[in-house]
Amino acid sequence: MNDNTPEIVIVAAVARNGVIGRDNGLPWRLKADLQHFRTLTMGHPILMGRNTWTSLGRPLPGRRNMVVTRDPAFTADGAEVFHDPQAAIAAAAGASTLFVIGGAQLYNTLLRQADRMVLTEVWADVDGDAHFPMLDRSQFIELRRDARTADTDNEYDFDFVEYQRC
């Protein structure tokens, strides 16, 4: 990575069975995960696919919203649109960190370029139609893990885990 290229960080909540989404939404209710995501990404550019953008319904405040789509006619009010992930990464030059926030196709495309991953590992098997890509864990080392227990605001037990590429 040169001095101008941002660190690429994948952010995802992943069930034990690899599910990350259902019907273009989250398959669980984890208030602490949403707060963690907001704190982590605030003030940084966030990169997402078109379906993730659509599921959010609006730009996330306090962040540079960047959307990747192959549709040349697609526009996103409040976000910048790019037609390939590399163009978006180039446009984020100068930022310290670029957070990749989904969905499955974009994770699959950029996992090989990721410098770090910040995953919420959800200790449940859930039904879903979007899955995190198969991960070669030998490519990453675990830096930290923070275990959380289910409660009235969080449907399942989960861990916040940070990984660094070896």
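Residues numbered from 1 in each chain as written. Predicted model: local features only at pLDDT ≥ 70, side-chain atom pairs only at ≥ 80, totals over all residues. Heavy atoms only, no water.

1. So, the pattern of salt bridges
What the rule picks out here adds up to 10 salt bridges. Among the salt bridges present, the one from arginine 64 reaches glutamate 80, with a minimum N-O distance of 2.5 Å. Here glutamate 80 lies in strand S5 (residues 80-82) and arginine 64 lies in strand S4 (residues 64-68), a separation of 16 residues in the sequence. By relative accessible area, which is 32% here, arginine 64 ends up partly exposed. Aspartate 159 is the salt-bridge partner of arginine 145, the closest N and O atoms lying 2.8 Å from each other. Within this pair, whereas arginine 145 is found in strand S9 (residues 140-148), its partner aspartate 159 is found in strand S10 (residues 158-165), the two being separated by 14 residues in sequence. The partly exposed category is assigned to arginine 145, whose relative accessible area is 37%. Through salt bridges that share partners, Glu121, Arg137, Glu142, Arg145 and Asp159 make up one connected network. (Salt bridge = Lys/Arg side-chain N within 4 Å of Asp/Glu carboxyl O. Helix = DSSP H or I, 4+ residues; strand = E, 2+ residues; numbered from the N terminus. Buried < 20%, exposed > 50% of the residue type's maximum accessible area, 1.4 Å probe, protein only.)

2. Some details on the sheet that holds S4
Pairing in this open sheet of 8 strands is mixed, and the strands run S5-S4-S3-S6-S1-S7-S10-S9 from one edge to the other. Each edge of the sheet is formed by a strand with only one pairing partner; in this case those strands are S5 and S9. Taken pair by pair, the neighbouring strands of this sheet meet at an average axis angle of 20°, ignoring direction. Here strand S3 (residues 45-49) pairs with strand S6 (residues 97-102) via 3 bridges, running parallel. (Pairing = 2+ DSSP bridges. Axes fitted to C-alpha atoms, helices over the stretch in contact; angles between N-to-C directions.)

3. What to know about the packing of aromatic side chains
Within the structure shown, the criterion is met by 2 aromatic pairs. With 5.2 Å between their ring centres and 55° between their planes, tyrosine 107 and phenylalanine 132 make a pair best called tilted. Of the two residues, tyrosine 107 sits in helix H4 (residues 104-110) while phenylalanine 132 sits in the loop between strand S8 (130-131) and S9, which places them 25 residues apart along the sequence. For the residue pair tyrosine 107 and phenylalanine 132, the accessibility class agrees, reading buried in each case. (Phe/Tyr/Trp six-rings, centres within 6.5 Å; stacked < 30°, edge-to-face > 60°.)

4. Observations regarding the nonpolar core
The biggest cluster of nonpolar side chains holds 27 residues, and the ones touching the most others in it are Ile10, Leu47, Val100, Met117 and Phe132. For this core, the elements supplying multiple residues, two or more each, are strand S1 (7-15), S4, helix H3 (85-91), S6, H4, strand S7 (116-122) and S10. Ranked by residues supplied to this core, first place goes to S1 with 4 residues. Ignoring anything within four residues of it in the chain, the contact list for isoleucine 10 reads Val100, Tyr107, Leu110, Leu111, Ala114, Arg116, Met117, Val118 and Phe132. Ranked by size, the runner-up nonpolar core spans 14 residues in total, among them Val9, Phe37, Met48 and Trp53. (Core = buried A, V, L, I, M, F, W, Y, C linked by side-chain atoms within 4.5 Å. Contact = heavy atoms within 4.5 Å.)

5. A closer look at the layout of surface pockets
To find the voids left in a structure, one rolls a probe of water-molecule size over its atoms. A volume near 1200 Å³ is recorded for the largest pocket. Residue assignment for the lining of the largest pocket shows that the elements contributing at least two residues are S1, strand S2 (19-21), helix H1 (31-41), helix H2 (50-56), S6, H4 and S7. In terms of residue count, H1 provides more of the lining of the largest pocket than any other element does, 6 residues in total. Looking at the lining of the largest pocket residue by residue, the classes come out as 19 nonpolar, 15 polar and 9 charged. The computed volume of the second largest pocket comes to approximately 260 Å³. Around the second largest pocket, the lining is made up of 14 residues, and of these Val14, Ala15, Arg16, Gly18 and Arg137 lie nearest the centre. At the level of elements, S1 and S7 are the ones that each hand at least two residues to the lining of the second largest pocket. Taken together, the residues that form the lining of the second largest pocket break down as 9 nonpolar, 2 polar and 3 charged. (1 Å grid on protein atoms, 1.4 Å probe; cavity = no way out; pocket = protein on both sides within 12 Å on 5 of 7 lines; lining within 4 Å. Points joined across faces, edges and corners; volume = space filled by probe spheres on them. Nonpolar A, V, L, I, M, F, W, Y, C, P; charged D, E, K, R; others polar.)

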